[in-house]
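If you want the building blocks of each chain, they are given just below.
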Amino acid sequence: MKKTKSLVAIAVGMCLAGVVLAQGTAGNVSGVAKAGTVVVISNDSGFTRTVTADSSGRFAVNQLPVGEYKVEAKGLGTRTITVTIGSTTGVSFENTLDTVTVVGTKVMIDTSSTDVRTVITAKELARLPLTQSAQAIALLTPGANAGSGAYFGGLTSFGGAGVSENAYYVNGYFSGEPLSNLGQFELPYGAIAQQETYTGGYGAKYGRSAGGVISQVGKSGTNNFVYGGQFVFSPNGLRAKSPDTYYPKISLPSGYNYASASLPGTLYRRGGQDTRESVKVSAYAGGPIIQDKLFAFVSLEKSDVDTKTAPAVGTDYTTLGTTKDPKAYVKLNWNVTNDHLLEYTYLGEKYDYSGTRNAYAFATGVEGAPVAGVPTPEVRNTTYNILKYTGYLTDDLTLSATYGRSTFTDKQINPSIVPGLPALASTTLQNPAYNGGNPINNNQGGYQARDGRDYSNGLRADLEWKLNAAHTLAVGIDNITFKAENEGTAQVADRWIYGRLGSPGNISTTLGVGNPYNAANPNGYYVYKYLFSTATSMSLEQKAYYLEDRWNLSKNFLLTLGLRNDEFTNKNNIGQAYMNAKNQWAPRIGAAWDVNGDGSMKAFGNAGRYFLAMPNSVAVRGASASTFTRDYYTYTGIAANGAPTGLTPVPGIGGKPAPGPVSSNGEYGTPVDVEAFAPKDLKNMYQDEFILGFEKSLAKGWTAGVKVTHRALKSSIDDFCDGDALATAAGLTITGNDANTGKYIAQDKAGKGYYVGHCYMFNPGGSATYSFEAIGGGSRLLKKISSKELGFKEGVERKYSSIDLFLERAFDNVWSARVDYTYSKLKGNNEGQVKSEFGQADISKTQDWDAAALMEYANGYLFNDRRHQLKFRGSYQFAKEWMISGNARVLSGSPVSCLGYFNPGNIDEGSAAADPVGYGSSYHTCLGKVAKPGDVRTPWTYQIDMGLQYRPSMLQGKLAITANVFNLLNQQKVRQYDVTSESDPYTVRNAFMMPISYQAPRSAQISVSYDY
């Protein structure tokens, strides 16, 4: 038989492979041999599967745990292969052909997959210079970029989506942060067997992501006893200094002045005095408990990080912090029989941050002795218990089921919060007549506390049936429930924030806060008392079922047809459902064409719809009661502890009495009317995605490919907080406010009264039926109102289009390389569930869409737009004991917004027209001009990471000494700016356009590992 025919057989076998497992823990094997040949597939943990090649010589085994396998065809020989997560590995027993990995000098392509993913194995992790985190691994993926430089802990944005829109899994169970989905549990680095990062195109089995998917699979024990450990040290002495930051000095338009004329160009913070040093120690052991039957793998990791943070001007102490982050991973595998497998996973982590403070003289930069007060300590405990069953019921029928539970506690209770001592902010804006020209501060440790607890339990079950040679069917359920108790924050100390109005006028016309200027206060100084408390409980149920058919239309063409139904139910602290979305049908279709019939060229494509639930955190400051108020005063003195004295309430507008505490969002601590808060016909967030791609195997182990992606956000959920606009659209007239709840009182044309709230969930650009409670009881008023009727000129828009090119050479025990280039555009008016410009993590409740005026001129390039991305990674074994590796990234800048008073030109910023909804400097106009997002961008960034590894042959390569250098050229470009332009009308914040994030300075990591 000719080689070409053999390759065709492999490709056909791959097309007949079973369901590809995104976010799972398994892979597939398929291949060719002589018809009737008995094929035995086994690994070194005693697991064996035996199949017989059919009349055409094809065989396949699906849902195999990832790892190394031997494939023996009786009488024909044995092959060694690696099964990777979510992929199909092919093997042939005709001629001298080995595996689909390499055929002669060409790499075989997996023609059974229609999705887009990157799988990094433990062997690759050992070669590459990476900071040891799941996010660093994910950034190797084409088109993935680090989101906000200043907020959200550097979480990754995939395909233009927000950083809260990703899904995370460990050993097949959801591992995302349970309250807001900002972050994940990560395996101890040495326990990672493989990490799979999906960027699109996954089938109907999986959903709940509009961004990407990061799925980690941990190591398992085998019949071979192994143990080892690693010591990783990142010394501060080998870390370059961070740049100092200065107050910007911008030429301001006529009529605008800085809040402090003396600050521009002066030092704001000495970044060069920051320090960071870390030590990570890990150990593992694995092997058989009962040979061929029961196995264990245990990994322990302890990470300690010590930091010192120099303060900004106005703070008289440095912060010395210590983070301790121990983790544990335990995996048990039980081969009950060859047809029935059980796996148990335990994950544990205890994150503990604490610190102290030293006195600091900002004028000289000299650090002094320890002072009272500490930064807010944080203790987070996380545990997971995961049980998985795999049953090979027949050669054609496979059942898998995963059940898991998790607990998560987050306690932030600062022991140094001194009862009776106020927390202060903006002390540089204190009236100098009362502080002697120097801000009066104190050492109050904070003003808020948190003591939240979260739980999850989930079950997914998948039944796969190879119906015949043309069809493989899969059906299953995918359910998980999240519960939270006492989540949010409680205020435990008074908080005073100082301010100054640059010229006579009203502090907030919309909120009824008048002019602070008077004979005793000729310079417009004021202070307000801030009250913010949000702690509450809530739950979220996510249910789904699906059906999928992998249909081989011909021996070279695979069509995947799937349909998924998602249901999401959000409940508040008293169990009321404020969101219950059912029958959310998500069709998925994918196709893969083995163009030449030999696995050397693949064309593929897919299209799908993906729904995203509102996380539990929406109930915080939303479906449950919360308080967020400001109470404005002038003052005649400042006490030694920094608190204002001689308080006089700032009058209302036009000489009216002082309004007392005011809230832009109507958050006065009163119960929420759930029926009003979220309309019954509200739609969840969903996105449509289309991908077309092409991959080609080249000579000498190279492959190349191109992929085109288009994503369009079709529906989004956010809150709007303009009760007046809603009342008008409903045909109601507001006549006053309820003194107890802060709600508006409104009347219809017949004089019947109704309550109108301040904030409602809605679909920007869509329509919903709003419910108004009748005053005094009776039937509620129901009105279907569109987004346009609320004043919004545009609907929600987020469109991402990209083209990805790659060229890769597989590792051949000497060298490997991969180059990716992505050109993309991300346009619209909706970043997603968060607002990265200033780190607003109120999921689906950002200030965007709170009122129509806030979205004027908002359409442009969005925060996560990176027009160009060039990535390179590779390694080279230049001598028997030595290897060099590299990882480089070149990214174009991200859009810079500008937020100010509403003044596109010729509007008096002291009038109500410049702040129509009482949000101050939050509109998309800046210093008298429209500020279109994307007109200004951050600089291009360049980063090169290098690694050098030595494995002495005298120890059989078991000992590795590695030195990694990150940001070799010490590029320290700005990654993010402060974009809020004004503190008061015509008063420019001194921090406007100040860098708030730079590239991390050059650092080194030295590690020693031993693997027996």
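### A word on the overall build of the chain
Right, so step 1: Along the backbone of the chain there are 6 helices and 66 strands.
Right, so step 2: Here the C-alpha atoms of the chain give a radius of gyration of 30 Å, agreeing with the 31 Å that 2.2 N^0.38 yields for 1012 residues.
Right, so step 3: Taking all 1012 residues of the chain together, the buried fraction comes to 58%.
Right, so step 4: A fraction of 71% describes how many contacts in the chain between residues 6 or more apart in sequence connect residues 24 or more apart.

### Focus: the pattern of salt bridges
Right, so step 1: Taken as a whole, this structure holds 40 salt bridges when the rule is applied.
Right, so step 2: Of the charged contacts, one joins Arg780 and Glu675 as a salt bridge, the two residues approaching to 3.6 Å between their closest N and O atoms. One end of the pair, Arg780, is in the loop between strand 49 (767-772) and strand 50 (781-786); the other, Glu675, is in helix 5 (residues 674-677), and 105 residues separate them in sequence.
Right, so step 3: Looking at Arg780, the relative accessible area reads 25%, which means it is partly exposed.

### Topic: the nonpolar core
Right, so step 1: If you look at the biggest cluster of nonpolar residues, it comprises 35 residues, and the most contacted ones within it are Leu125, Leu130, Ile137 and Leu347.
Right, so step 2: Broken down by secondary-structure element, the contributors of at least two residues to this core are strand 13 (167-170), strand 14 (173-174), strand 15 (192-200), strand 26 (378-392), strand 30 (471-487) and strand 37 (601-612).
Right, so step 3: With 3 residues, strand 13 is the single largest residue contributor to this core.
Right, so step 4: The contact partners of Leu125, leaving out residues within four places of it in the chain, are Ile120, Leu130, Ile137, Tyr189 and Ile192.

### A few points about the sheet that holds strand 7 (residues 88-92)
Whether parallel or antiparallel, the strands of a sheet pair through hydrogen bonds between backbone atoms.
Right, so step 1: Strand order in the open sheet formed by 3 strands is 4-1-7, with mixed pairing between adjacent strands. On the outer flanks of this sheet lie strand 4 (58-65) and strand 7, each paired with one strand and no other. Direction aside, neighbouring strands of the sheet carry axes that sit 20 degrees apart on average.
Right, so step 2: With 5 bridges connecting them, strand 1 (residues 26-32) and strand 7 associate as parallel partners. Along strand 7, the bridge assignment pairs Val29 with Thr89.

### Brief notes about the environment of Ile691
Right, so step 1: With respect to the helices and strands, the residue Ile691 is situated in strand 42 (residues 685-697).
Right, so step 2: The class for Ile691 is buried, based on a relative accessible area of 2%.
Right, so step 3: C-alpha separation for the pair Ile691 and Gln976, spaced 285 residues apart in sequence, amounts to 31 Å.
Right, so step 4: For Ile691, the contacting residues outside a window of four places in its chain are Val116, Gly200, Gly201, Phe604, Gly605, Asn606, Lys707, Val708 and Thr709.

### As for the packing of aromatic side chains
Right, so step 1: Enumeration over the complete set of coordinates arrives at 40 aromatic pairs.
Right, so step 2: Both rings, one in Tyr578 and one in Phe677, keep their centres 5.8 Å apart while their planes meet at 65 degrees; by these two values the pair is edge-to-face. With Tyr578 in strand 36 (residues 577-594) and Phe677 in helix 5, the pair connects residues that are 99 residues apart, well separated along the chain. Phe677 shares its class with Tyr578; the two are buried.
Right, so step 3: Taking 6.0 Å as the distance between ring centres and 80 degrees as the angle between the ring planes, the aromatic pair formed by Tyr760 and Tyr770 counts as edge-to-face. In this pair, Tyr760 sits in strand 48 (residues 760-762) while Tyr770 sits in strand 49, placing the two residues 10 residues apart along the sequence.
Right, so step 4: For Tyr770, a relative accessible area of 2% puts it in the buried group.
Right, so step 5: Three or more aromatic residues link up through ring pairs in this structure, and these residues are Phe720, Tyr760, Phe762, Tyr770, Phe792 and Trp849.
Right, so step 6: One cation-aromatic arrangement involves Arg270 over Phe362; the distance from NZ or CZ to the ring centre is 5.1 Å.

### As for the side chain of Ser133
Right, so step 1: Mapped onto the elements, Ser133 comes out in the loop between helix 2 (122-127) and helix 3 (134-138).
Right, so step 2: In this structure the side chain of Ser133 is engaged in a polar contact, spanning 3.1 Å, whose partner is the backbone nitrogen of Ala136.
Right, so step 3: If sequence neighbours within four positions are ignored, Ser133 has contacts with Glu186 and Tyr189.

### With respect to the pairing of strand 25 (residues 366-370)
Right, so step 1: As defined by bridge partners, strand 24 (residues 340-361) adjoins strand 25 across 3 bridges and the pair is classed as antiparallel. Among the inter-strand pairings, Asn358 is bridged to a residue of strand 25, identified as Pro370.
Right, so step 2: Following strand 24, the chain reverses through 4 residues before pairing antiparallel with strand 25; Gly365 in that reversal takes a positive phi of roughly 75 degrees.

### Comments concerning the side chain of Glu982
Right, so step 1: For Glu982, the location among the structural elements is in strand 63 (residues 982-984).
Right, so step 2: For the buried residue Glu982, which engages in no salt bridge, the nearest side chain bearing the opposite charge is Arg989, 10 Å off.
Right, so step 3: Looking at Glu982, its side chain comes within polar contact range of the main-chain nitrogen of Tyr986, at 2.8 Å.
Right, so step 4: The contact partners of Glu982, leaving out residues within four places of it in the chain, are Tyr256, Leu899, Gly900, Tyr901, Glu909, Ser921, Leu927, Thr987, Val988 and Arg989.

### Let's talk about the state of the cysteines
Right, so step 1: One pass over the full model with this rule turns up 2 disulfides.
Right, so step 2: The side chain of Cys721 participates in a disulfide bridge whose partner is Cys759; the two sulfur atoms lie 2.0 Å from each other. Across the S-S bond linking Cys721 and Cys759, the dihedral sits near 115 degrees, which makes this disulfide right-handed. You can see Cys721 sitting in the loop between strand 44 (718-720) and helix 6 (723-729) and its partner Cys759 sitting in the loop between strand 47 (753-756) and strand 48, a full 38 residues away along the chain.

### With respect to the sheet that holds strand 41 (residues 648-649)
Right, so step 1: Spatially, the 5 strands line up as an open sheet ordered 28-32-33-38-41, and their pairing is mixed. Single-partner strands in this sheet number two, and they are strand 28 (423-425) and strand 41.
Right, so step 2: Where strand 38 (residues 627-634) lies against strand 41, 2 bridges are found, and the strand directions are antiparallel. Within strand 41, the residue paired with Tyr633 across the bridge is Pro649.

### Some remarks on the pairing of strand 38
Right, so step 1: Counted residue by residue, strand 38 has 6 buried out of 8 residues, so it is predominantly covered.
Right, so step 2: Relative to strand 38, strand 33 (residues 525-533) runs antiparallel, the two sharing 7 bridges. Across the sheet, Lys529 pairs through a bridge with Asp631, a residue of strand 38.

### Observations concerning a nonpolar patch on the surface
Right, so step 1: There is a patch of nonpolar side chains on the surface, built from Val814, Trp815, Tyr876, Phe878, Trp882, Ile884 and Leu948 and spanning about 580 Å² of accessible area.
Right, so step 2: Sorting the residues of the nonpolar patch by element identifies strand 54 (868-879) and strand 55 (882-891) as the ones contributing at least two each.
Right, so step 3: Along the chain, the position of Leu948 falls in strand 60 (residues 941-950).

### Structural notes on the confidence of the model for the chain
Right, so step 1: Averaged over all residues, the pLDDT of the chain is 91; the fraction at 70 or higher stands at 96%.
Right, so step 2: Residue range residues 1-22 is modelled with pLDDT below 50. Its contacts to residues more than four positions away, or to other chains, number 86 contacts.
Right, so step 3: Note that pLDDT drops below 50 for residues 96-105; the model gives that stretch 30 contacts with residues more than four away or on any other chain.

### Section: the environment of Val974
Right, so step 1: Tracing the sequence through the fold places Val974 in strand 62 (residues 974-977).
Right, so step 2: In this structure Val974 comes out as buried when scored by relative accessible area, which is 10%.
Right, so step 3: Linking Val974 and Ser260, residues 714 residues apart in sequence, is a C-alpha distance of 24 Å.
Right, so step 4: Those residues within four positions of Val974 in sequence are excluded, and the remaining contacts are Thr938, Pro939, Pro995, Ser997 and Tyr998.

### Quick notes on unusual backbone geometry
Right, so step 1: A positive phi angle is found at Asn813, which is not glycine, with a value near 70 degrees.
Right, so step 2: Position of Asn813 relative to the elements: it lies in the loop between strand 51 (798-809) and strand 52 (815-828).
Right, so step 3: In this structure, Tyr986 is a non-glycine residue whose phi angle is positive, near 65 degrees.
Right, so step 4: One can find Tyr986 in the loop between strand 63 and strand 64 (987-988).

### Observations regarding the environment of Tyr823
Right, so step 1: Locating Tyr823 in the fold gives a position in strand 52.
Right, so step 2: Taking the relative accessible area as the measure of exposure, Tyr823 reaches 31% and is therefore partly exposed.
Right, so step 3: Taking C-alpha positions, Tyr823 is 26 Å from Asn970, a pair spaced 147 residues apart along the chain.
Right, so step 4: If we skip the residues at most four places from it in the chain, Tyr823 touches Ser801, Ser802, Ile803, Arg867 and His868.

About the criteria used
- Residues numbered from 1 in each chain as written.
- Predicted model: local features only at pLDDT ≥ 70, side-chain atom pairs only at ≥ 80, totals over all residues.
- Heavy atoms only, no water.
- Helix = DSSP H or I, 4+ residues; strand = E, 2+ residues; numbered from the N terminus.
- Rg over C-alpha atoms; globule rule 2.2 N^0.38 Å.
- Buried < 20%, exposed > 50% of the residue type's maximum accessible area, 1.4 Å probe, protein only.
- Contact = heavy atoms within 4.5 Å.
- Salt bridge = Lys/Arg side-chain N within 4 Å of Asp/Glu carboxyl O.
- Core = buried A, V, L, I, M, F, W, Y, C linked by side-chain atoms within 4.5 Å.
- Pairing = 2+ DSSP bridges.
- Axes fitted to C-alpha atoms, helices over the stretch in contact; angles between N-to-C directions.
- Phe/Tyr/Trp six-rings, centres within 6.5 Å; stacked < 30°, edge-to-face > 60°.
- Lys NZ or Arg CZ within 6 Å of the ring centre and 35° of its normal.
- Polar contact = N/O pair within 3.5 Å; in protein donor to acceptor, adjacent residues only side chain to side chain.
- Lys, Arg positive; Asp, Glu negative; His and termini not counted.
- Disulfide = S-S within 2.5 Å.
- Patch = residues over 30% accessible without salt bridge, like charges linked within 9 Å, V, L, I, M, F, W, Y side chains within 5 Å.
- Areas by Shrake-Rupley, 256 points an atom, 1.4 Å probe, with all protein chains shown as cover.
- pLDDT = per-residue confidence, 0-100.

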